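# Understanding the architecture of this molecule
Spelled out from the first residue to the last, the chains are:
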Amino acid sequence: FTEEPERGLRVPARLLRLASDERLVERARGGSEAAFEAIFDRHHRGILAFCRHMLGSVDEAEDAVQHTFLAAYRELARAGDRPLHLRPWLYTIARNRCITVLRGRRREAGAAVVEPSTEHLAAEVDRRNDLRDLLRDVAGLPEEQRAALVLSELGDMGHDEIAAVLGCRREKVKALVFQARSSLIASRTARETPCEEIREQIATLRGGSLRRTELRRHLRECPGCCEFRDQVRAQRRDLALVLPVAPTVGLKAAVL
């Protein structure tokens, strides 16, 4: 049993676990720590997973979860009776914290790129190369696309709730999820394209054609093809010096 201070009643914990988000918010605003604990138990796993995939670090994700619920606890105490949609509100706090952490990283001179680890993920991720590649591809998505996709898949949220978290229109959420999915598919396709095919393109294409998305994505992950590209560039520079022939002074007169 847990005591509800605002009414002096002892409420079974199992009933709090069954209560709606709205009822838990009402009780938490009244000072019920048991209701706030029920809110944490209901939502912390999803928020932890969201922060984990936004930040790529378990430790930073857990720090972000602590920040989220501390901020939520303080806000509930002073929010009065204004309407509150609990789940998207909590995820909004978590996302804002993740953005702060990511901006801090970018401000650090020479900060290393955080390689997403498989720590605290399903054991199968460690066993399968394709899942580790997918994890890396998700980490490489632009922040908004990554947030929209993770919320869509992990939080089981509708587009309206995701729009509330991201602070954008519902239509933009659809576009972000589509772009994220397309990018992941393109990365996998580029990764699976045979190196021989990529090197043929490098050897024969020029200018803007070398900036094809598939080609760039493959080069991002294939050291062998990157080395081949650099060798082709060096060869072209050398050929530009070797191949031109200067005409003799009398050539034009002889021809005309």
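To keep things clear, this report deals only with the structure shown in the data block. (Residues numbered from 1 in each chain as written. Predicted model: local features only at pLDDT ≥ 70, side-chain atom pairs only at ≥ 80, totals over all residues. Heavy atoms only, no water.)

Counting across every chain of the model gives 18 salt bridges. Where Glu60 meets Arg105, a salt bridge forms, and the shortest distance between an N and an O atom there is 2.4 Å. One end of the pair, Glu60, is in helix α4 (residues 58–78); the other, Arg105, is in helix α5 (residues 86–107), with 45 residues separating them in the sequence. Its relative accessible area of 27% is what places Glu60 among the partly exposed residues. In this structure, the salt-bridge partner of Arg136 is Asp133, at a minimum N-O distance of 2.5 Å. Taken as a pair, Arg136 and Asp133 lie in helix α7 (residues 129–139) at a separation of three residues, close to a single helical turn. Among the charged side chains, a salt-bridge network with shared partners connects Asp133, Arg136, Asp137, Arg191 and Glu221. (Salt bridge = Lys/Arg side-chain N within 4 Å of Asp/Glu carboxyl O. Helix = DSSP H or I, 4+ residues; strand = E, 2+ residues; numbered from the N terminus. Buried < 20%, exposed > 50% of the residue type's maximum accessible area, 1.4 Å probe, protein only.)

When we look at a pair of aromatic rings, we describe it by the centre distance and by the angle of the planes. On inspection of all chains with the given rule, the structure shows four aromatic pairs. Here the aromatic rings of Phe36 and Tyr73 are separated by 5.0 Å at their centres, their planes lie at 80°, and the arrangement is edge-to-face. Of this pair, Phe36 sits in helix α3 (residues 33–55) while Tyr73 sits in helix α4, and the two are 37 residues apart along the sequence. Among the residues examined, Phe36 registers a relative accessible area of 13% and is labelled buried. Taking the relative accessible area as the measure of exposure, Tyr73 reaches 40% and is therefore partly exposed. Each ring, one from Phe40 and one from Phe69, has its centre 4.9 Å from the other, and the planes form 70°; the classification is edge-to-face. Here the residue Phe40 occupies a position in helix α3, and Phe69 occupies one in helix α4, the gap between them amounting to 29 residues. In textbook terms, an aromatic cluster arises when at least three aromatic residues are bridged by ring pairs, as seen for Phe36, Phe40, Phe69 and Tyr73. (Phe/Tyr/Trp six-rings, centres within 6.5 Å; stacked < 30°, edge-to-face > 60°.)

The subject of this paragraph is a negative patch on the surface. On the surface, Asp59, Glu62, Asp63 and Glu119 cluster together into a patch of negative charge. In this structure, Asp63 sits in helix α4. Given a relative accessible area of 48%, Asp63 falls into the partly exposed group. (Patch = residues over 30% accessible without salt bridge, like charges linked within 9 Å, V, L, I, M, F, W, Y side chains within 5 Å. Areas by Shrake-Rupley, 256 points an atom, 1.4 Å probe, with all protein chains shown as cover. Lys, Arg positive; Asp, Glu negative; His and termini not counted. Charge placed at Lys NZ, Arg CZ, Asp CG, Glu CD.)

Right, let's talk about helix α9 (residues 159–166) for a bit. Taken residue by residue, α9 has Ile162, Ala163, Val165 and Leu166 as its buried positions. The buried residues of α9 occupy an angular sector of 160° when projected down its axis, which confines them to one face. Lining the buried residues of α9 we find α5, α8 (143–154) and α10 (170–192). Directly after α9, the chain includes Gly167, whose backbone phi takes a positive value near 70°. (Arc of directions from axis to C-beta. Contact = heavy atoms within 4.5 Å.)

Over its 20 residues, helix α13 (residues 223–242) runs 28 Å from end to end, which matches the ideal 28 Å to within 8%, given 1.5 Å per residue. Against the buried residues of α13 lie α11 (195–204) and α12 (213–221). (Expected span 1.5 Å × (residues − 1).)

Core analysis: the biggest nonpolar cluster contains 50 residues, and Phe50 and Cys51 have the highest contact counts within it. Those elements that place two or more of their residues in this core are α2 (21–29), α3, α4, α5, α8, α9 and α10. Tallying contributions element by element places α3 first for this core, with 10 residues. Those residues within four positions of Cys51 in sequence are excluded, and the remaining contacts are Gly56, Ala61, Ala64, Val65, Ala94 and Cys98. (Core = buried A, V, L, I, M, F, W, Y, C linked by side-chain atoms within 4.5 Å.)

At a minimum axis separation of 8 Å, α8 and α10 run at an interaxial angle of 95°. Comparing the axis directions of α8 and α10 gives the class roughly perpendicular. Counted together, Glu144, Gln145, Ala148, Leu149, Ser152 and Glu153 of α8 and Lys172, Leu176, Val177, Gln179, Ala180, Arg181, Ser183 and Leu184 of α10 form the full contact between these two elements. Of the residues assigned to the contact of α8 with α10, the class counts are six nonpolar, four polar and four charged. (Axes fitted to C-alpha atoms, helices over the stretch in contact; angles between N-to-C directions. Parallel < 35°, antiparallel > 145°, perpendicular 65-115°, else oblique. Nonpolar A, V, L, I, M, F, W, Y, C, P; charged D, E, K, R; others polar.)

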